[in-house]
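Here is how the chains run, residue by residue.
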Protein chains: 2
Amino acid sequence: MKEELQNENTSIPYGKNGLVKKIQEKNVKYNSQTIFGIGDDASISDFSGGKKTLLRSLIFAEGIHFDLTYTPLKHLGYKVVTAAVTSIYAMNAKPLQITVSLAVSNKVMQAHILEFFDGVHAACKNYKVDLIGGDLTTSRKGITIAVTVTGEADDEEIVYRSGAKPTDLLCVTGDLGGAYLGLQLLEREKALFNLNPETQPQLSGYDYVLKRQLKPESPKELTDYLKKKEVKPTSMISLSSGLASEIINLCNASNMGCEIFQERIPVAPDTEKMAKEFNIDPVIAALNGGEDYELLFTIELKNYEKIKNNDMFSIIGSINAVDKGRNIVMKDGSIITLEPSINNQTFQNVQ
Amino acid sequence: MKEELQNENTSIPYGKNGLVKKIQEKNVKYNSQTIFGIGDDASISDFSGGKKTLLRSLIFAEGIHFDLTYTPLKHLGYKVVTAAVTSIYAMNAKPLQITVSLAVSNKVMQAHILEFFDGVHAACKNYKVDLIGGDLTTSRKGITIAVTVTGEADDEEIVYRSGAKPTDLLCVTGDLGGAYLGLQLLEREKALFNLNPETQPQLSGYDYVLKRQLKPESPKELTDYLKKKEVKPTSMISLSSGLASEIINLCNASNMGCEIFQERIPVAPDTEKMAKEFNIDPVIAALNGGEDYELLFTIELKNYEKIKNNDMFSIIGSINAVDKGRNIVMKDGSIITLEPSINNQTFQNVQ
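Not measured: the values here are computed from a predicted model.

## Describing the overall build of chain A
So, point 1. Each helix and strand in chain A was counted, giving 11 helices and 14 strands.
So, point 2. Taking all 351 residues of chain A together, 53% fall into the buried category.
So, point 3. For chain A, the share of sequence-separated contacts (at least 6 apart) that also reach a separation of at least 24 residues comes to 87%.

Written out as structure tokens, the structure is:
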């Protein structure tokens, strides 16, 4: 993909304004809160319904968060929106709007920028968020992407990282480790291709982990599901880093300890298969991998009956007093202290 | 500055979280709307006072928008906030909050990131906006900065680009062309230094244009001044590109023509002096330069008496029907059609 970006020579004959218009043409308005989007010095929203407004900004850099050698730009556009809205879901809120800004070298063609925004628009449709603005600029080298998302919730519905209490059940949506193994697979095929450019990438049969890496989905149904069950999480955090790091972040914010069980960490069969091929323990992939964009949350023990046997999330352990530490009970009964994943140079999760 | 960034070798012994904490420590809350800033998955604001909420995102790339050879990072932090809040003032609204995200190569020291945020905090204090979030990540090369700003206004106070009508007076705050000439000066000294590294940069006596380039101020008093005079602009736009481009943007949005007068374009004496030294026509600097972060707006002719002889803005011309074109009347009586400045490769002003 990278080579393609830099070598194609056809050019689309519209300037900056035409490009923005192209992006704007595909805009769909999903929320009545959006009064005015692209087209003036600022976007205008009517938030005056008594609700709270949520906002989060993220930035993604080429070579750090994504590799255009194997990442289709459309998927990348989808993924950055998924990452952003997950932050809003993690507050138990509803995402409403996003802005997406790009700094791209002038080697990147306008057609590829539009491809990226096709992915953004697809994600907007899926999560029902309005693209209300953004900025485009050239860069000297590489692509940097900045996303800001807004959301809303009634005050009493908002869930912080800091609300976990002893005996609360620790839960996680979906399954983990797939995005990490998808990345390992893509990196392996890239390395083989670099050694011998006539190699055909061996990607068939690996759809699941590839999708987890390239086009992750946010668990958007959780908030409504729990509301219907009349269960409000006591704390919640999004899984952009690995499970271990995020459990520690949640426990730090709540000043709590916890105990989780290796055998309860949800790993998909395809992830497990892939892990075996790479000789990686799937639990290590789940604990340290990152980019799963699932939700980690706690609910009071008394709510167990209401949510048991659901197929949306797994109960992986429970909250303890802080002096009990943050531990994982392995299948053989041994207990290991959870450590944040080392792979944290990207400064992710600033907020 | 660039050399200094890359060569200094002392390192500050706190990781990502420590760095965020350092930034957070200097946060001041100015607005009751800010309920929760940095520290969870999203910031929370209470916008439920019946007002509208405004939001704008911008992105700035090293080598395109700024050159660290001569730009102190503290000034850069100040400048990006100035650019962002000017977008909100340009809607006749009050800025409330910003998020600032950075992608920086790991050659950049944490101390320099903090210096940048010192500038951000200084600007926050000046414009009374709350830093409510942001993101930090590494990049493979260079610095990219993304800023999102929110603001508020009563619905009936909001001013769009599109409201100008024939006979309206075209006004501009402050004076123009200074930022452009400051840039020319810095580029000249950089070129001399590159030829002979023992050259001392000759910057003394040029304070005004340097300040206009490195630490511009947004005309934050305009909104209140006009409100006191009971004058509501009919249209408004911020001057991030040159005056000519922004007049054309405003006229396009309003579907109007205009006539401005060369002799009325406000240029500071220091800017004029500098222009002479560079053999540049100061009016060309004002029309095509950019980065002045002043406000261009229109008011109804009937309001002339209320605002005449003010020292905050100049009346540079008036609005015409669209078929009259967009023209500048030169001192010698000749009439020239306004053209957007050529220097627009940076895709600035997407919204």
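## Some words on the domain arrangement of chain A
All names here are of chain A.
So, point 1. Along its sequence, chain A is carved into domain 1 (2–157) and domain 2 (161–337).
So, point 2. Facing the 15 residues of domain 1 at the interface are 18 residues of domain 2.
So, point 3. Top element by residues in the side of domain 1 that touches domain 2 is helix 3 (residues 73–89). It accounts for nine residues.
So, point 4. Considered class by class, the residues forming the side of domain 1 that touches domain 2 number seven nonpolar, seven polar and one charged.

## What to know about the sheet that holds strand 10 (residues 256–261) of chain A
All names here are of chain A.
So, point 1. With mixed pairing, seven strands are arranged side by side in an open sheet as 9-11-8-12-10-13-14. On the outer flanks of this sheet lie strand 9 (235–239) and strand 14 (335–337), each paired with one strand and no other. On average, adjacent strands in this sheet sit at an angle of 25° to one another, irrespective of strand direction.
So, point 2. The pairing of strand 9 with strand 11 (residues 294–299) spans five bridges and is antiparallel. Paired with M236 across the strands is F297, a residue of strand 11.
So, point 3. Contacting strand 8 (169–173), strand 9, strand 10, strand 11 and strand 13 (326–329), helix 8 (residues 243–254) runs over the sheet at an angle of about 150° to strand 9.

## Comments concerning the nonpolar core
So, point 1. One finds V81(A), V147(A), V81(B) and V147(B) to be the most contacted residues of the largest nonpolar core, which totals 190 residues.
So, point 2. Setting aside residues no more than four positions away along its own chain, V81(A) makes contact with I98(A), V120(A), A123(A), C124(A), Y127(A) and V147(A).

## Quick notes on the packing of helix 5 (residues 178–195) of chain A against helix 9 (residues 269–278) of chain A
Residues and elements named next belong to chain A.
So, point 1. It is at 10 Å that the axes of helix 5 and helix 9 come closest, and there the two elements cross at 45°. Between helix 5 and helix 9, the angle is such that the two are oblique. In this structure, helix 5 meets helix 9 at a crossing whose hand is left-handed. Residues G178, L181, Q184 and L185 of helix 5 lie in contact with helix 9, whose contacting residues are T271, M274, A275 and F278.
So, point 2. Considered class by class, the residues forming the contact of helix 5 with helix 9 number five nonpolar, three polar and no charged.

## Here we look at the sheet that holds strand 10 (residues 256–261) of chain B
Residue and element names in this part refer to chain B.
So, point 1. The strand order across the open sheet built from seven strands is 9-11-8-12-10-13-14, with neighbouring strands paired in mixed fashion. In the strand order of this sheet, the two ends are held by strand 9 (235–238) and strand 14 (335–337), each with one partner. Neighbour-to-neighbour, the strand axes of the sheet open up by a mean angle of 25°, direction not taken into account.
So, point 2. Note: strand 13 (residues 326–329) against strand 14, three bridges, orientation antiparallel. Residue N327 lies in a different strand from strand 14, and its bridge partner there is T337.
So, point 3. Contacts from helix 8 (residues 243–254) reach strand 8 (169–173), strand 9, strand 10, strand 11 (295–299) and strand 13, with the element oriented near 150° to strand 10.

## Overview of the packing of helix 5 of chain A against helix 6 (residues 207–214) of chain A
Each pair of packed helices gets described by two things: the angle between the helix axes and the distance between those axes.
Residues and elements named next belong to chain A.
So, point 1. Across the interface, helix 5 lies against helix 6 with an axial gap of 7 Å and an inter-helix angle of 100°. Judged by the inter-axis angle, helix 5 sits roughly perpendicular to helix 6. For the pair formed by helix 5 and helix 6, the contact residues are G178, A179, L181, G182, L183, L185 and L186 on the first element and Y208, V209, L210, R212, Q213 and L214 on the second.
So, point 2. Considering only residue class, the contact of helix 5 with helix 6 consists of nine nonpolar, three polar and one charged.

## Concerning the confidence of the model for chain A
Detailed reading of the predicted coordinates is not advisable wherever pLDDT falls low.
Residues and elements named next belong to chain A.
So, point 1. With 84% of its residues at a pLDDT of at least 70, chain A reaches an overall mean of 85.
So, point 2. Here residues 1–13 scores under 50 on pLDDT; set against residues more than four positions off or in separate chains, the count is 17 contacts.
So, point 3. Low pLDDT (under 50) marks residues 343–351, which in the prediction has 30 contacts with non-local residues, meaning those over four places away or in another chain.
So, point 4. Note on the complex model: pTM 0.87, ipTM 0.86.

## Comments concerning unusual backbone geometry
Residues and elements named next belong to chain A.
So, point 1. If you check the backbone angles, N92 has positive phi at about 65° while not being a glycine.
So, point 2. Residue placement: N92 occurs in the loop between helix 3 and strand 4 (94–105).
So, point 3. With a phi angle near 50°, Y293 is a residue other than glycine that sits in the positive phi range.
So, point 4. Along the polypeptide, Y293 turns up in the loop between helix 10 (282–288) and strand 11.

## As for the environment of K228(A)
So, point 1. The topology assignment puts K228(A) in helix 7 (residues 222–228).
So, point 2. Spatially, the C-alpha atom of K228(A) lies 44 Å from that of V104(A), the residues being 124 residues apart in sequence.

## As for helix 9 of chain A
Residue and element names in this part refer to chain A.
So, point 1. Buried within helix 9 we find D270, T271, M274 and A275. When helix 9 is viewed along its axis, its buried side chains cluster within an angular range of 140° and face the same direction. In helix 9, the exposed positions angled more than 90 degrees off the buried face are occupied by P269 and K276.
So, point 2. Buried residues along helix 9 sit against helix 5, helix 6 and helix 10.
So, point 3. Count one or two residues on from helix 9 and you reach N279, which has phi positive near 60°.

Definitions and cut-offs
In this numbering scheme, every chain counts its residues from 1 along its sequence in written order. As they are written, the chains are lettered A onward and the ligands numbered 1 onward, keeping that order. Totals for whole chains, interfaces and linings use every residue, but because this is a predicted model, local features are given only for residues with pLDDT of at least 70 and side-chain atom pairs only at 80 or more, for both listing and counting. Only DSSP runs of H or I with at least four residues qualify as helices, and only runs of E with at least two residues qualify as strands; both kinds are numbered from the N terminus onward. Buried residues are those with 20 or more other C-beta atoms within 10 Å of their own C-beta, exposed residues have 12 or fewer, and partly exposed residues lie in between; C-beta atoms are placed from the backbone. In this description, any two residues whose backbone-derived C-beta atoms lie within 7 Å of each other are considered to be in contact. The start and end points of each domain follow an automatic or database-based domain assignment. Residues are grouped as follows: Ala, Val, Leu, Ile, Met, Phe, Trp, Tyr, Cys and Pro are nonpolar; Asp, Glu, Lys and Arg are charged; every other residue, Gly included, is polar. What makes two strands pair is DSSP finding at least two bridges between them. The axes are straight lines fitted to the C-alpha atoms, using for helices just the contacting stretch, and the angles between their N-to-C directions are given from 0 to 180°. Each nonpolar core reported here comprises buried Ala, Val, Leu, Ile, Met, Phe, Trp, Tyr and Cys residues connected via C-beta atoms within 7 Å. When an angle is under 35 degrees it counts as roughly parallel; over 145 it counts as roughly antiparallel; between 65 and 115 it counts as roughly perpendicular; any other value is oblique. A crossing counts as left-handed when the near helix is turned anticlockwise from the far one by less than a right angle, and as right-handed when that turn is clockwise. Note on scores: pLDDT gives the predictor's confidence for each residue, bounded by 0 and 100. Note: the arc covers the axis-to-C-beta directions of the helix.

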